[in-house]
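Observations on chain architecture
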Amino acid sequence: MTEIQSLRQSLLNWYMSNHRDLPWRRTTNPYHIWVSEVMLQQTQVKTVVPYYHIFLQRFSSLERLARSDLQAVLKVWEGLGYYARARNLHRAAGRVLTHHHGMLPDNWEDFRKLPGAGDYIAAAVLSIAFNKPHSVVDGNVKRVLARLLLIEEPVNNSKSTKIFKAAADRLLSLQDPGTFNQAIMELGALVCKPQRPLCSACPVQKMCLAYETRRVGEYPKKLKRAPTPQFKIAVGVVFKNEKVLITRRKPEGLLGGLWEFPGGKIQDKERAKDACIREIKEETNLIVGADTHLGRIKHAYTHFKITMDVFCCSYISGKIKLNGPVDHRWITLDKLDDYPFPKANHKFFPELMKFGVNLIKTDKTELVTTKKD
């Protein structure tokens, strides 16, 4: 038995005895496997599991997903982040229904044409669902390969992807590519961790060059990243006759298709309150008063962070003309849950609901007082 064959068998044997019992590993349904792989991109398993169950309860088949409204899809996806994944999954389901009679394609060329289907998604789904010989290369796999083979190229440099892909191709088990791909990813997740890898529990320890040379801590190599940009944002919840204004973002780009409250970046030396009033005027053409500072929210995205000052605003005048958003609604606060919002917005919803309740109580008290007078 060659060293590569020994490595494959050791890894497969370890996986069969030690892998996590995850819902998408209990099915051979290509649609279910596809949904799980899309959700797992840049998202932890423990976060994905409940979303996976709810998503498949709501969209039990590819056809049902394709025929559903995008807003319904985004609502189920709400909080999972990276919403382009949901938009692409919805579009891809439509394409499969139209061009492939509702059957997920089992070949590389057709699968890669699906919206959002990059090399990783294609390799994962085709190997796991259809037993096709395509190796997967994600963060876990890169880390395992870097240590196993002493690969010097940085794992966070796109130029090194070909090198890791070639290494993964050499190791791939052609007899059971789907299980092998899951095994090497699982090894990275459970044993060959970024910090404090459990080398004593590694099934391929004897074949690991980093372990042999006592250099495990030096791998994988990474390029230093620039400091994460931070932005200050001002957002306004505009009240008018016990309703609030929400606007819908353009379908493409960051948080595309989600609803939010109008606002934007605070300019240098500008007060947050003034920025809120200005941004609402620029986005919606409304004149408002920023009456109450509801709170300050901090939120991190993949490539930047924000500090968001939220104001409760009163409508003064103007007719809505949108500049940026593509749609708007005036809704009561109890209808917020009907719309998909970014996670950052959800952070101030509890305080907003309290404010709304107090506002209604105040209005009723003033009404009673006025009648008595």
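The sections below set out a description of the structure shown in this document. As the structure is a computational prediction, the values presented were derived from the model and not from experiment.

Here we take up the overall build of the chain. The helix and strand inventory of the chain stands at 15 helices and 7 strands. Taken along the three principal axes of its C-alpha coordinates, the chain extends 95 × 50 × 35 Å. The buried share of the chain, taken over its 373 residues, is 46%. The long-range fraction of contacts in the chain, counting pairs at least 24 apart against all pairs at least 6 apart in sequence, stands at 66%. With the model as given, the accessible surface of the chain reaches about 20000 Å², and the carbon-plus-sulfur share is 51%. On the chain, the mean spot of the 58 positive side-chain charges and the mean spot of the 37 negative ones are 3 Å from each other.

The next point concerns the nonpolar core. Counting residues in hydrophobic clusters, the biggest one holds 77 residues, and the most contacted among them are Tyr31, Trp34, Met39, Phe55, Trp77, Phe111 and Leu145. Residue contributions to this core peak at 8 residues, all from helix 8 (residues 119–130). If sequence neighbours within four positions are ignored, Trp34 has contacts with Leu62, Leu89, Ala92, Ala93, Leu104, Phe111, Ile121 and Val125. With 24 residues, the next largest nonpolar core counts Val237, Phe341, Phe349 and Leu352 among its residues.

What follows deals with the packing of aromatic side chains. Counting across every chain of the model gives 13 aromatic pairs. A centroid spacing of 5.7 Å and a plane angle of 25° characterise the contact between Phe261 and Phe341, whose relative ring orientation is stacked. Of this pair, Phe261 sits in the loop between strand 3 (259–260) and strand 4 (263–265) while Phe341 is found in the loop between strand 7 (327–331) and helix 14 (343–346), placing the two residues 80 residues apart along the sequence. Neither residue differs from the other here; Phe261 and Phe341 are each classed as buried. Where Phe261 meets Phe349, the ring centres are 6.4 Å apart and the plane angle is 85°; that geometry is what we call edge-to-face.

In the structure shown here, the tally under the stated rule is 19 salt bridges. In this structure, the salt-bridge partner of Lys165 is Asp169, at a minimum N-O distance of 2.9 Å. Placement of both Lys165 and Asp169 in helix 10 (residues 161–171) is noted, with a separation of 4 residues, approximately one turn of the helix. A relative accessible area of 28% places Lys165 in the partly exposed class. Put simply, Glu260 and Arg249 hold a salt bridge, and the shortest N to O gap is 3.2 Å. Remark: Arg249 occurs in the loop between strand 2 (243–248) and strand 3 and Glu260 occurs in strand 3; sequence separation between them is 11 residues. When its relative accessible area of 15% is taken as the criterion, Glu260 is described as buried. On the accessibility criterion, Arg249 (25% relative accessible area) is partly exposed. Linked through salt bridges whose partners overlap, the residues forming this network are Glu270, Arg278, Glu279 and Glu282.

The next point concerns the side chain of Thr43. If you trace the backbone, Thr43 turns up in the loop between helix 2 (30–40) and helix 3 (45–58). Thr43 has contacts with Val48, Leu80, Tyr82 and Arg85, leaving out every residue within four places of it along the chain.

With respect to the helices and strands, the residue Ala123 is situated in helix 8. The class for Ala123 is buried, based on a relative accessible area of 1%. For the pair Ala123 and Pro133, spaced 10 residues apart in sequence, the C-alpha separation works out to 8.1 Å. Once residues within four sequence positions are removed from consideration, Ala123 is found in contact with Trp108, His134, Ser135, Val136 and Asn181.

The rules we used
- Residues numbered from 1 in each chain as written.
- Predicted model: local features only at pLDDT ≥ 70, side-chain atom pairs only at ≥ 80, totals over all residues.
- Heavy atoms only, no water.
- Helix = DSSP H or I, 4+ residues; strand = E, 2+ residues; numbered from the N terminus.
- Buried < 20%, exposed > 50% of the residue type's maximum accessible area, 1.4 Å probe, protein only.
- Contact = heavy atoms within 4.5 Å.
- Areas by Shrake-Rupley, 256 points an atom, 1.4 Å probe, with all protein chains shown as cover.
- Lys, Arg positive; Asp, Glu negative; His and termini not counted.
- Charge placed at Lys NZ, Arg CZ, Asp CG, Glu CD.
- Core = buried A, V, L, I, M, F, W, Y, C linked by side-chain atoms within 4.5 Å.
- Phe/Tyr/Trp six-rings, centres within 6.5 Å; stacked < 30°, edge-to-face > 60°.
- Salt bridge = Lys/Arg side-chain N within 4 Å of Asp/Glu carboxyl O.

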